[in-house]
Amino acid sequence: KICDKVFSGKLIKPSNITLLDIGGYEPAQGLTIMIPGACRAKFKGKPEIDYTGKDVIVTGKLAMYKGKPEIIITDPKQLKVVLVDNARGPLIPVK
């Protein structure tokens, strides 16, 4: 599990791949979350917009892609918005 802020996101057409930059703006992001185009419909709304600026907990297998860490997620359950108290860490999952 990784908990951090989504700094930005983008939708790549025509593949419909969604990328979310965690921990910083591209190219200095700490981690990229990738939602494959085939799985995008499982997520409500527009993930590249809806998660930007929010603190999240992401679960999944960490891999390296072009020298940067990435987690590919295929289910909305792998990405939870949380409220964060910087002194104590993630507190409350937001539904």
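Procedures and definitions
Residues numbered from 1 in each chain as written. Predicted model: local features only at pLDDT ≥ 70, side-chain atom pairs only at ≥ 80, totals over all residues. Heavy atoms only, no water. Helix = DSSP H or I, 4+ residues; strand = E, 2+ residues; numbered from the N terminus. Phe/Tyr/Trp six-rings, centres within 6.5 Å; stacked < 30°, edge-to-face > 60°. Lys NZ or Arg CZ within 6 Å of the ring centre and 35° of its normal. Contact = heavy atoms within 4.5 Å. Core = buried A, V, L, I, M, F, W, Y, C linked by side-chain atoms within 4.5 Å. Buried < 20%, exposed > 50% of the residue type's maximum accessible area, 1.4 Å probe, protein only. Salt bridge = Lys/Arg side-chain N within 4 Å of Asp/Glu carboxyl O.

## So, the environment of Lys-46
Then comes step 1: Of note, Lys-46 is situated in the loop between strand 3 (31-35) and helix 1 (47-50).
Then comes step 2: In the structure, Lys-46 is positioned 36 residues away from Lys-10 in sequence and 9.6 Å away in space, judged by C-alpha atoms.

## Topic: the packing of aromatic side chains
Then comes step 1: Taken as a whole and judged by the stated rule, the model has one aromatic pair.
Then comes step 2: The ring of Phe-7 carries the charged tip of Lys-5 above its face, separated from the ring centre by 5.2 Å.

## Here's the deal with the side chain of Ser-8
Then comes step 1: Along the chain, the position of Ser-8 falls in strand 1 (residues 2-12).
Then comes step 2: Residues within four places of Ser-8 in sequence aside, it is in contact with Leu-19, Leu-20, Asp-21, Tyr-25 and Thr-52.

## Notes on the nonpolar core
Then comes step 1: Within the largest apolar cluster, 15 residues are counted, with the highest numbers of intra-cluster contacts made by Ile-33, Tyr-51, Val-56, Val-58, Ile-73 and Leu-79.
Then comes step 2: Sort the elements by how many residues they give to this core and strand 3 lands first, with three residues.
Then comes step 3: Dropping the residues within four chain positions of it, Val-58 is found in contact with Lys-1, Ile-2, Leu-31, Ile-33, Ile-71, Ile-73, Gln-78 and Leu-79.

## Let's talk about unusual backbone geometry
Then comes step 1: Following Lys-13, the chain continues into Pro-14 via a peptide bond in cis, with omega recorded as 0°.
Then comes step 2: With respect to the secondary-structure elements, Pro-14 resides in the loop between strand 1 and strand 2 (17-22).
Then comes step 3: Even without glycine at this site, Asn-16 takes up a positive phi of about 65°.
Then comes step 4: Relative to the assigned elements, Asn-16 resides in the loop between strand 1 and strand 2.

## A look at the pattern of salt bridges
Then comes step 1: Evaluated as defined, the whole model comprises two salt bridges.
Then comes step 2: Here Glu-26 and Lys-10 are joined by a salt bridge, their closest N and O atoms 3.0 Å apart. Of this pair, Glu-26 sits in the loop between strand 2 and strand 3 while Lys-10 sits in strand 1, and the two are 16 residues apart along the sequence.
Then comes step 3: Notably, a salt bridge pairs Glu-48 with Arg-40, separated by 2.8 Å at the nearest N-O pair.
Then comes step 4: We classify Glu-48 as buried; its relative accessible area is 10%.

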